[in-house]
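Spelled out, the chains give:
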Amino acid sequence: TGDWKDSTSGVYVNGDMEMRGGSISYNGECASAVTVQGGNFIISKGNISNNKSRGVTLGEAWVDPTREDGTIHSKKAINPCFMIGGEISNNNGVGVEFSDRRFVMNGGNICYNNGEYAGGVYGAGWCQFEMNGGTISHNTGMTGGGVSASAVELRGGIIENNYAEYGGGVYV
């Protein structure tokens, strides 16, 4: 559901998207192969690979409840994005970049990506990465070859053979 826009840099989604197969490849340098703004993104099968920039960018998806006096009470993440299967690989940028939201990896592979900050998974701002399965391998970045995020919860899966100046596997 939502608005889907074709662009020189891949797919722009203003809503929800589930990728059940196919390939998103060989897109331009300007943005990500897939940009999701505000909605859900689930990749269960298929490949996002060989793009000249990031594989997937997940934009902000937060609710900021406030008290009656106007002060912020808490932040609650909505619309977490999931990777159940498939592969995000060989992108000339981080595999998955997300900002102020939650990304859950239950399966699939994020591999052979080369990012400026992180190679496999990069969370900007306040973000949460949860890994229950899958593999993050052979990614390169400056901070966190495999994963760089402000909150990381590892319950399963494999993070191996990633390279970075700081935190080859995980940087928090």
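Note that this is a predicted model, so its numbers are computed, not measured. (Residues numbered from 1 in each chain as written. Predicted model: local features only at pLDDT ≥ 70, side-chain atom pairs only at ≥ 80, totals over all residues. Heavy atoms only, no water.)

J.: Could you give an account of the overall build of the protein chain, with specific residues and numbers?
T.: Scanning the protein chain for helices and strands turns up 0 helices and 22 strands. Looking at the protein chain as a whole, 45% of its 172 residues qualify as buried. Considering only contacts within the protein chain whose residues lie at least 6 apart along the sequence, 53% involve residues at least 24 apart. Carbon and sulfur atoms make up 47% of the accessible area of the protein chain, which amounts to about 8,100 Å² in all. (Helix = DSSP H or I, 4+ residues; strand = E, 2+ residues; numbered from the N terminus. Buried < 20%, exposed > 50% of the residue type's maximum accessible area, 1.4 Å probe, protein only. Contact = heavy atoms within 4.5 Å. Areas by Shrake-Rupley, 256 points an atom, 1.4 Å probe, with all protein chains shown as cover.)

J.: Run through the pattern of salt bridges, naming residues and quoting values.
T.: By the definition in use, this model includes 5 salt bridges. Put simply, R102 and E130 hold a salt bridge, and the shortest N to O gap is 2.6 Å. Taken together, the residues R102 in strand β12 (residues 102-105) and E130 in strand β15 (residues 128-131) connect sequence positions 28 residues apart. The partner of E153 in a salt bridge is R155, with the nearest N and O atoms 2.4 Å apart. A residue is classified by how much of its surface remains accessible, and E153, at 27% relative accessible area, is partly exposed. For R155, a relative accessible area of 55% puts it in the exposed group. (Salt bridge = Lys/Arg side-chain N within 4 Å of Asp/Glu carboxyl O.)

J.: Tell me about a nonpolar patch on the surface, residues and numbers included.
T.: Side chains of M142, Y166 and Y171 sit close together on the surface and give an oily, nonpolar patch of about 300 Å² of accessible area. Exposure remark for Y171: the relative accessible area of 36% places this residue in the partly exposed category. (Patch = residues over 30% accessible without salt bridge, like charges linked within 9 Å, V, L, I, M, F, W, Y side chains within 5 Å.)

J.: Go over unusual backbone geometry, please, and point to the residues and values.
T.: Its identity as a non-glycine residue notwithstanding, N50 has a phi of 55°, on the positive side. Residue placement: N50 occurs in the loop between β5 (41-49) and β6 (56-58). Even without glycine at this site, Y112 takes up a positive phi of about 55°. Mapped onto the elements, Y112 comes out in the loop between β13 (109-111) and β14 (121-124). We classify Y112 as partly exposed; its relative accessible area is 44%.

J.: An account of the side chain of N27 is needed here, citing residue identities and associated values.
T.: Turning to its location among the elements, N27 is positioned in the loop between β3 (17-25) and β4 (34-36). Of the residues examined, N27 reaches a relative accessible area of 15% and is grouped as buried. Among the polar contacts listed, one links the side chain of N27 to the backbone nitrogen of G10, at a separation of 3.5 Å. (Polar contact = N/O pair within 3.5 Å; in protein donor to acceptor, adjacent residues only side chain to side chain.)

J.: Explain the nonpolar core to me, and be specific about the residues and the numbers.
T.: If you look at the biggest cluster of nonpolar residues, it comprises 27 residues, and the most contacted ones within it are F41, I48, L58, F103, I110 and F129. Broken down by secondary-structure element, the contributors of at least two residues to this core are β3, β4, β5, β6, β9 (81-83), β11 (96-99), β12 and β15. (Core = buried A, V, L, I, M, F, W, Y, C linked by side-chain atoms within 4.5 Å.)

J.: Can you explain the pairing of β5? Please cite residues and give values.
T.: By the bridge criterion, 7 bridges tie β3 to β5 in an arrangement that is parallel. Within the sheet, the bridge partner assigned to M19 lies in β5 and is I43. Relative to β9, β5 is paired through 2 bridges, and the arrangement is parallel. The residue bridging I42 from the neighbouring strand is F82, located in β9. (Pairing = 2+ DSSP bridges.)

J.: Describe the environment of S44, and please don't skip the residues or the numbers.
T.: Its place among the elements puts S44 in strand β5. Separated by 24 residues in the primary sequence, S44 and R20 have C-alpha atoms spaced 5.3 Å apart. When near neighbours in sequence (up to four residues on either side) are disregarded, S44 contacts E18, M19, R20, I84, G85 and G86.

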